[in-house]
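# Structure at a glance
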Amino acid sequence: MRVDILTVFPEMVSGAIGHSILKRAQESGLVEIVVHDIRDFAHDRHRSTDDEPFGGGPGMVMKLAPLFEAVEHVRGLAVSEGESPLVVLTSPQGRKLDQAYARRLAELPWLVIICGHYEGVDERVRERLVDEELSIGDYVLTGGELPALVILDTVARLVPGVLGGEESAAQDSFSDGLLEHPHYTRPAEFRGWSAPEVLLSGHHAEIAKWRRRESLKRTFLRRPDLLETASLTEEDKTELDKIRSEIEERVTSNE
Ligand SMILES: C[S@@+](CC[C@H](N)C(=O)[O-])C[C@H]1O[C@@H](n2cnc3c(N)ncnc32)[C@H](O)[C@@H]1O
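Keep in mind that what you see is a predicted model, and the values were worked out from it rather than measured. Note on numbering: residues in each chain are counted from 1, in written sequence order. Only residues with pLDDT of at least 70 get local features here, since the model is predicted, and only at 80 or more are side-chain atom pairs given and counted; chain-wide, interface and lining totals rely on the full set of residues. By convention in this description, side-chain values take in all heavy atoms of the structure and omit both hydrogens and water.

Here we come to the domain arrangement of the protein chain. What counts as a domain boundary in this text is fixed by an automatic or database domain assignment. With domains assigned, the protein chain is organised as domain 1 (2-166) and domain 2 (189-254). Of note, the centres of domain 1 and domain 2, computed from C-alpha atoms alone, are 39 Å apart.

Okay, structure coming up:
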């Protein structure tokens, strides 16, 4: 997969992609990440990429010409004819990123991510240049660099082969519609707090059962909304009924 990131703060992005999984993904050749400075596509003396909003008001707006030129330049880097990227604009007004959509993005061969800044971009960029606007949540950041990195990290770890064991992505929260079970590591006992006995038993079937139960319990307690769409087996549903009555019992005995 190839990801091109367009930003007026390239150092913010290049600093972050040289570590951990993103570094490994690039070294293994599975993900190619190219950072572009939008200022390279501004032609005035000051290399300006923003201007005052028409109609007045606070803040600056990102100009459309440098963004169009930057995306056209990137499109021209296609290795084969007809190859075309999905162009994404980071925006708090966009579709909210979730694991299911990240999985779809990870199947694409080529992604371009535009980082907005200031008050955002000239509306014609949204209308004429961008295929999708993506938000990372209902809050407003100063710029699109951190959202672009969030999108990149979420997607890159889903590209087959990027994570060591394919299993770790498959078991992550949201992958099967549930939150993941808790984790423990050595020491088995710390200040009198023990890790669950079953995890030390070596009994794989029992461990898998415990983990599934904890995953159901955690989802029920923290994100019950996810249970409405999660794919649950008959065994899961029975387990959930048990969890629900155990918790109700605990609540009534505390009253
Ligand atoms: C200060 S914000 C602009 C917000 C804009 N005035 C509005 O109210 O919708 C500047 C840039 O940061 C990025 N950004 C801010 N919050 C974001 C979010 N939640 N998700 C994705 N991008 C975001 C976008 O690229 C946006 O253009």
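Quick look at the site of the ligand now. For the ligand, the set of nearby residues contains 20 residues, the closest of which are Thr90, Gln93, Glu119, Tyr139 and Leu141. Side-chain atoms alone can form a polar contact between residues adjacent in sequence; in general such a contact is a pair of N or O atoms within 3.5 Å, and within protein one must be able to donate a hydrogen while the other accepts it. In this structure, an oxygen atom belonging to the ligand sits 3.0 Å away from a main-chain N or O atom of Gly116. In the complex, 85% of the free accessible area of the ligand, which totals 580 Å², lies under the protein chains. Secondary structure counts use DSSP, requiring at least four H or I residues in a row for a helix and at least two E residues in a row for a strand, with both numbered from the N terminus. Elements supplying a minimum of two residues to the shell around the ligand: strand 5 (86-96) and strand 7 (132-135). When residues of the shell around the ligand are assigned to their parent elements, the largest contribution, 4 residues, is made by strand 5. Residues are grouped as follows: Ala, Val, Leu, Ile, Met, Phe, Trp, Tyr, Cys and Pro are nonpolar; Asp, Glu, Lys and Arg are charged; every other residue, Gly included, is polar. For the shell around the ligand, a count of residues per class yields 8 nonpolar, 11 polar and 1 charged. Consider each residue's heavy atoms; a residue with any of them within 4 Å of a molecule or strand counts as near. Only the protein chains shown count as cover for residues, with accessible areas throughout obtained via the Shrake-Rupley method and a probe of 1.4 Å.

Take unusual backbone geometry next. The peptide bond linking Arg186 to Pro187 adopts the cis configuration, its omega dihedral lying at 0 degrees. Position of Pro187 among the secondary structure elements: in the loop between helix 7 (166-171) and strand 8 (189-190). Within the chain, Tyr118 stands out as a residue other than glycine whose phi angle is a positive 55 degrees. By the secondary structure assignment, Tyr118 is in the loop between strand 6 (110-114) and helix 5 (123-128). Given the relative accessible area of 33%, Tyr118 is considered partly exposed. Each residue's exposure class comes from its accessible area (1.4 Å probe, protein chains only) as a fraction of the maximum for that residue type: buried when under 20%, exposed when over 50%, partly exposed otherwise.

Okay, the pattern of salt bridges next. Throughout this description, the term salt bridge denotes a Lys or Arg side-chain nitrogen within 4 Å of a carboxyl oxygen of Asp or Glu. By the definition in use, this model includes 16 salt bridges. For the salt bridge of Asp138 with Lys96, the shortest nitrogen-to-oxygen distance reads 3.2 Å. Of this pair, Asp138 sits in the loop between strand 7 and helix 6 (145-156) while Lys96 sits in strand 5, and the two are 42 residues apart along the sequence. Close ionic contact of Glu234 with Lys237 constitutes a salt bridge, the shortest N to O distance being 3.5 Å. Here Glu234 pairs with Lys237, and both are found in helix 10 (residues 234-254), just 3 residues apart, close to one helical turn. For Lys237, a relative accessible area of 38% corresponds to the partly exposed category.

Note that patches include only residues with greater than 30% relative accessible area and no salt bridge, and the join distances are 9 Å for like charges and 5 Å for nonpolar side chains (Val, Leu, Ile, Met, Phe, Trp, Tyr). Judged by side-chain polarity, Phe9, Met12, Tyr118, Tyr139, Leu141 and Leu146 come together as a nonpolar surface patch covering roughly 530 Å² of accessible area. Note that Met12 resides in helix 1 (residues 10-16). With a relative accessible area of 41%, Met12 lands in the partly exposed category.

Moving on: the sheet that holds strand 2 (residues 32-37). Spatially, 5 strands are ordered 2-1-6-5-7 in an open sheet, and the strand pairing comes out parallel. Sheet topology places strand 2 and strand 7 at the edges, where each strand pairs with a single neighbour. When the angles between neighbouring strand axes are averaged without regard to direction, this sheet yields 30 degrees. Whether two residues touch is decided by their heavy atoms; if any such pair falls within 4.5 Å, the residues are in contact. Where helices are involved, their axes are fitted lines through C-alpha atoms of the stretch in contact, as for all axes, and angles between N-to-C directions lie from 0 to 180°. The strands that helix 6 touches are strand 1 (2-7), strand 2, strand 5, strand 6 and strand 7; relative to strand 1, the one it contacts most, it runs at about 175 degrees. We treat two strands as partners when DSSP finds at least two bridges between them.

It is worth spelling out the pairing of strand 6 at this point. Counting buried residues in strand 6 gives 5 out of 5 residues, a clear majority hidden from the surface. Here strand 6 shows no split at all, with Trp110, Val112 and Ile114 on one side and Leu111 and Ile113 on the other all buried. Relative to strand 6, strand 1 runs parallel, the two being bridged by 5 bridges. When the bridges of strand 6 are listed, Arg2 appears paired with Trp110. Judged from the 4 bridges that link them, strand 5 and strand 6 form a sheet pairing that is parallel. Considered in strand 6, the bridge of Leu89 is made with Ile114. After leaving strand 5, the chain enters helix 4 (residues 99-106) and then returns to the sheet as strand 6, a path that is right-handed. Crossover handedness is defined here as right-handed if the route from the first strand over the helix to the second strand goes clockwise, with the strands pointing away from the viewer.

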